[in-house]
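Chain by chain, the residues run as shown.
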Amino acid sequence: MRVTKRMLEVRLGRINGTVVDGVFTGYQLNNAPCYGGWQLTCNNGSTIIQHRLPPKQMLNYLDGVILGLDMGRYGAVK
């Protein structure tokens, strides 16, 4: 499967649409293939949440964040 920018943006939108304990995340993705791929940041890139990963690994990382948020919201994790 080829991972596209749109696939990553959809997942990031879902994460950013979730408010946790009254805090909005405001994460951004940036891509620099020469440095290793996609990076998840906040504060306009000044804070790194996840260092650079290839597209498929970043997709898996974002899916894991979404799973964790869903599990916390629906009571699977206390």
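Everything quoted here is computed from the prediction, not taken from an experiment.

> How should I be thinking about the pairing of strand β4 (residues 37–42) in this particular structure?
Walk down a regular strand and you will see the side chains alternate between the two sheet faces. Buried residues dominate β4, accounting for six of its six residues. The pairing of strand β3 (residues 28–32) with β4 spans five bridges and is antiparallel. Note on β4: the bridge partner recorded for Q28 is T41. Two successive antiparallel strands, β3 and β4, enclose a turn made up of four residues, where G36 displays a positive phi of approximately 120°. Two strands pair when backbone bridges link them, and β4 and strand β5 (residues 47–53) are joined in this way by four bridges, in the antiparallel orientation. The partner of T41 across the bridge, within β5, is I48. As consecutive antiparallel partners, β4 and β5 are separated by four residues, and within that stretch N43 has a phi angle of approximately 55°, a positive value.

> What is the right way to look at the sheet that holds β5 in this model?
Backbone hydrogen bonds hold the strands of a sheet together, and the pairing may be parallel or antiparallel. Read across the sheet, three strands follow the order β3-β4-β5 without closing on themselves; strand pairing throughout is antiparallel. The open sheet has two free edges, formed respectively by β3 and β5, since each of these has just one partner strand. Taken over all neighbouring pairs, the strand axes of this sheet differ in orientation by 20° on average, direction set aside.

Basis of the calculations
- Residues numbered from 1 in each chain as written.
- Predicted model: local features only at pLDDT ≥ 70, side-chain atom pairs only at ≥ 80, totals over all residues.
- Heavy atoms only, no water.
- Buried < 20%, exposed > 50% of the residue type's maximum accessible area, 1.4 Å probe, protein only.
- Helix = DSSP H or I, 4+ residues; strand = E, 2+ residues; numbered from the N terminus.
- Pairing = 2+ DSSP bridges.
- Axes fitted to C-alpha atoms, helices over the stretch in contact; angles between N-to-C directions.

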